[in-house]
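Observations on the three-dimensional arrangement
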Amino acid sequence: MHTDALSNFWSTTLDERPASRPRLTAHVQADVVIVGAGFTGLWTAYYLKRLAPERAIVVLEAERVGHGASGRNGGWVVGNLAGLERHIGDLPLAERQTCCGVVADNVDEVGRVLAFEGIEADFNKGGAIYAAARYRDQIAIQRDYLQHLHELGHSEANCYWLDAEQLSEKARFRNGYGGIYHRQVATLNPVKLVTGLAECVERLGVTIYEQSRAETLAHHKVSTREGSVESPMVVCATEGYADRFLDFKRHVIPVQSLVIATEPLSEARWQEIGMAERPAFADASRLINYGHRTADGRIVFGARGTYYLGARSKADQAIDDGAIRMRRDLLVDLLPALEGVRVEYGWGGSLGLSRNFRPHAILDRASGLATAGGYAGEGVAASHLFGRTLAEMILARDTERVRMPWAFNDASHRQLIKRWEVEPLRWLAAQAITYSYAGEEALMRRDRPAPLLKPALRRLNDRFASIIE
Ligand SMILES: Cc1cc2nc3c(=O)[nH]c(=O)nc-3n(C[C@H](O)[C@H](O)[C@H](O)COP(=O)(O)OP(=O)(O)OC[C@H]3O[C@@H](n4cnc5c(N)ncnc54)[C@H](O)[C@@H]3O)c2cc1C
């Protein structure tokens, strides 16, 4: 393998490293204090300031802006929510369609606000291909998924089937049997977004402190080692990085995801691969993979990582050779034109998974505490929608968003989100599920009939999925 992978590709794309911001070293007051300067915290700050410019908003970040998943992700901006069916599955079709419309339109809203604020983050709405691209069993899996999307309320205009020929016009995979095309998906450079958004909210008057880790979230007061912020409203926007806050970590745990970036590909290689519109792509695998063609002609490609015993989040970005090799092999398996490609970057981070697999925006007015997260790996678009929703709930605005089933007014996260099981049960279950998913994947790849084993393993894994979800 040709690799000398060096950390996070996105960080290398900035013209200059942003200047560091001051630490909080005093006792200050604010109308809203937000803990965490990732997308959720910054979008909440952005909409609070846009809707109520007179409010004093303070953001506290333990490290630097974008230290968490927002500075490390795969850059998909998805017009869906992971776990949406759990929020809307029991609603009548017309209401489900409205909810799906809100999450689908959210992608265009992200593009619109970036253009309006002049935030250059390589936003590109090229749609997403969910392909059956390696083995035949994936055709049925993707067909089922498309049916699920339509039954849920996603429109046929936004999500539709590509046959093998239509698929090959968009992208040429090893075995391009067909796949779903989802129009409401864009991609972007997350470090450019989080950096540009932080600068934007500062221009609007928000104060951001870096290297200012909140030690406690007491009633209406957040304390750091050297200072504190008193405020009637505290927003916890730490998603997969809530290490200090056991009260949140019991409900939303960190799960790792690991990413690689190839060298820039030659024009000849792109001719072979296609992807002229720079779509996002994934294939049907329980190991969850996601990729896209970057603005400078690389492929950024990720796959689900591990769960650390004790729900530790991934502070560093390091990824070992084995993890790089696994992702590279999977990528070459999908796109044989990449044989011999050099992997130049590899990194990882933690995303947040709630026990009932539902992303949420929660405002507990009685205790003055709000939070959003649990996006389960689909947080780039969701954090925009949920940050906006939190801002509207805090300001008591009556909008379509605050009436969505994932927005909870006057409730506590303790009541709404189940607690995760205690260790080592969580870790043992995660290991068992990972092995079982890998077993199913290996069996599918053999592309030979296994009339008893394949369906049995699939049923077992469906069962696993339904237990954890
Ligand atoms: C490798 C990877 C790939 C992903 N790919 C995609 C993708 O392609 N598409 C997609 O939609 N989603 C993806 N995700 C998920 C998505 O990135 C996250 O859901 C989203 O960025 C979460 O944003 P956030 O602001 O809620 O949390 P984060 O960005 O994690 O920010 C939390 C912040 O809180 C800070 N913090 C924590 N504790 C404290 C404290 N005590 N005091 C002060 N600050 C604190 C942290 O330092 C951090 O900066 C991916 C995630 C990972 C890890």
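- The name that an unreviewed UniProt entry assigns to the protein is Glycine/D-amino acid oxidase-like deaminating enzyme, with the source organism given as Chromohalobacter marismortui.

**Description of the domain arrangement of the protein**
- As far as domains go, the protein holds domain 1 (10-73 + 190-252 + 356-416), domain 2 (113-185 + 255-351) and domain 3 (425-468).
- On a C-alpha basis, the centres of domain 1 and domain 3 stand 37 Å from each other.

**With respect to the pairing of strand 13 (residues 233-236)**
- Both faces of strand 13 are covered, namely the face carrying Met233 and Val235 and the face carrying Val234 and Cys236.
- Here strand 2 (residues 32-35) runs beside strand 13; their pairing, made up of four bridges, is parallel. From the neighbouring strand, Val32 faces strand 13, where its bridge partner is Met233.
- Pairing of strand 13 with strand 20 (residues 369-373) involves three bridges; the strand directions are parallel. Residue Val234 lies in a different strand from strand 20, and its bridge partner there is Leu369.

**A few points about empty space enclosed by the protein**
- By the definition in use, this model includes one cavity of 30 Å³ or more.
- Space inside the largest cavity adds up to approximately 110 Å³.
- Along its surface, the largest cavity is lined by 15 residues, and Glu239, Phe248, Val252, His360 and Thr371 are the ones closest to its centre.
- Sorting elements by how many residues they give to the lining of the largest cavity places strand 20 first, with three residues.
- Classifying every residue of the lining of the largest cavity by side-chain character gives seven nonpolar, seven polar and one charged.

**Side note on the nonpolar core**
- If you look at the biggest cluster of nonpolar residues, it comprises 61 residues, and the most contacted ones within it are Ile34, Leu42, Trp43, Leu114, Leu193, Phe386 and Trp406.
- Per element, the largest residue contribution to this core is nine residues, and it comes from helix 10 (residues 379-394).
- Composition of this core by domain shows at least three residues from each of domain 1 (10-73 + 190-252 + 356-416) and domain 2 (113-185 + 255-351).
- Those residues in contact with Trp406, other than ones at most four positions away along the chain, are Leu81, Leu84, His87, Ile88, Cys99, Val102, Val103, Pro359, His360, Ala361, Leu385 and Phe386.
- With 29 residues, the next largest nonpolar core counts Ala171, Ile273, Leu334 and Val343 among its residues.

**So, the sheet that holds strand 6 (residues 159-163)**
- On the basis of which strands lie adjacent, the open sheet formed by eight strands has the order 6-7-5-15-16-17-14-18 and mixed pairing. A strand with exactly one partner marks an edge of an open sheet, and here the two such strands are strand 6 and strand 18 (343-354). Across the sheet, the mean angle separating the axes of adjacent strands is 25° when strand polarity is ignored.
- With five bridges connecting them, strand 16 (residues 289-293) and strand 17 (residues 299-304) associate as antiparallel partners. Within the sheet, the bridge partner assigned to Gly291 lies in strand 17 and is Phe301.
- Taken strand by strand, helix 9 (residues 321-334) contacts strand 14 (252-262), strand 15 (280-283), strand 16, strand 17 and strand 18, and its axis lies near 115° from that of strand 17.

**Thoughts on the layout of surface pockets**
- What the second largest pocket holds in volume is close to 390 Å³.
- Together, 16 residues line the second largest pocket, and Ser11, Arg17, Arg64, Val65 and Gly66 are the ones closest to its centre.
- Its residues assigned to classes, the lining of the second largest pocket comprises five nonpolar, seven polar and four charged.

**Observations concerning helix 4 (residues 137-152)**
- Here helix 4 contains 16 residues, and its C-alpha end-to-end distance of 23 Å stays within 8% of the 22 Å for a straight helix at 1.5 Å per residue.
- Within the sequence span of helix 4, burial applies to Gln138, Gln142, Leu146, Leu149 and Leu152. Mapping the buried residues of helix 4 onto a view down its axis gives an arc of 125°, with all of them on the same face.
- Contacts made by the buried residues of helix 4 are with helix 2 (84-88), helix 3 (93-117), strand 5 (128-132), strand 6, strand 7 (178-182) and strand 15.

**What about the packing of helix 1 (residues 39-51) against helix 3?**
- Contact geometry of helix 1 with helix 3 gives a least axis separation of 14 Å together with a crossing angle of 65°. Between helix 1 and helix 3, the crossing angle belongs to the class labelled roughly perpendicular. Where helix 1 crosses over helix 3, the two elements pack in a sense that is left-handed. Contact with helix 1, carried on its side by Trp43, Tyr46, Tyr47 and Arg50, involves Val113, Leu114, Phe116 and Glu117 of helix 3 and no other residues of that element.

Calculation rules
- Residues numbered from 1 in each chain as written.
- Predicted model: local features only at pLDDT ≥ 70, side-chain atom pairs only at ≥ 80, totals over all residues.
- Heavy atoms only, no water.
- Domains from an automatic or database assignment.
- Buried < 20%, exposed > 50% of the residue type's maximum accessible area, 1.4 Å probe, protein only.
- Helix = DSSP H or I, 4+ residues; strand = E, 2+ residues; numbered from the N terminus.
- Pairing = 2+ DSSP bridges.
- 1 Å grid on protein atoms, 1.4 Å probe; cavity = no way out; pocket = protein on both sides within 12 Å on 5 of 7 lines; lining within 4 Å.
- Points joined across faces, edges and corners; volume = space filled by probe spheres on them.
- Nonpolar A, V, L, I, M, F, W, Y, C, P; charged D, E, K, R; others polar.
- Core = buried A, V, L, I, M, F, W, Y, C linked by side-chain atoms within 4.5 Å.
- Contact = heavy atoms within 4.5 Å.
- Axes fitted to C-alpha atoms, helices over the stretch in contact; angles between N-to-C directions.
- Expected span 1.5 Å × (residues − 1).
- Arc of directions from axis to C-beta.
- Parallel < 35°, antiparallel > 145°, perpendicular 65-115°, else oblique.
- Left-handed = near helix turned anticlockwise from the far one by under 90°.

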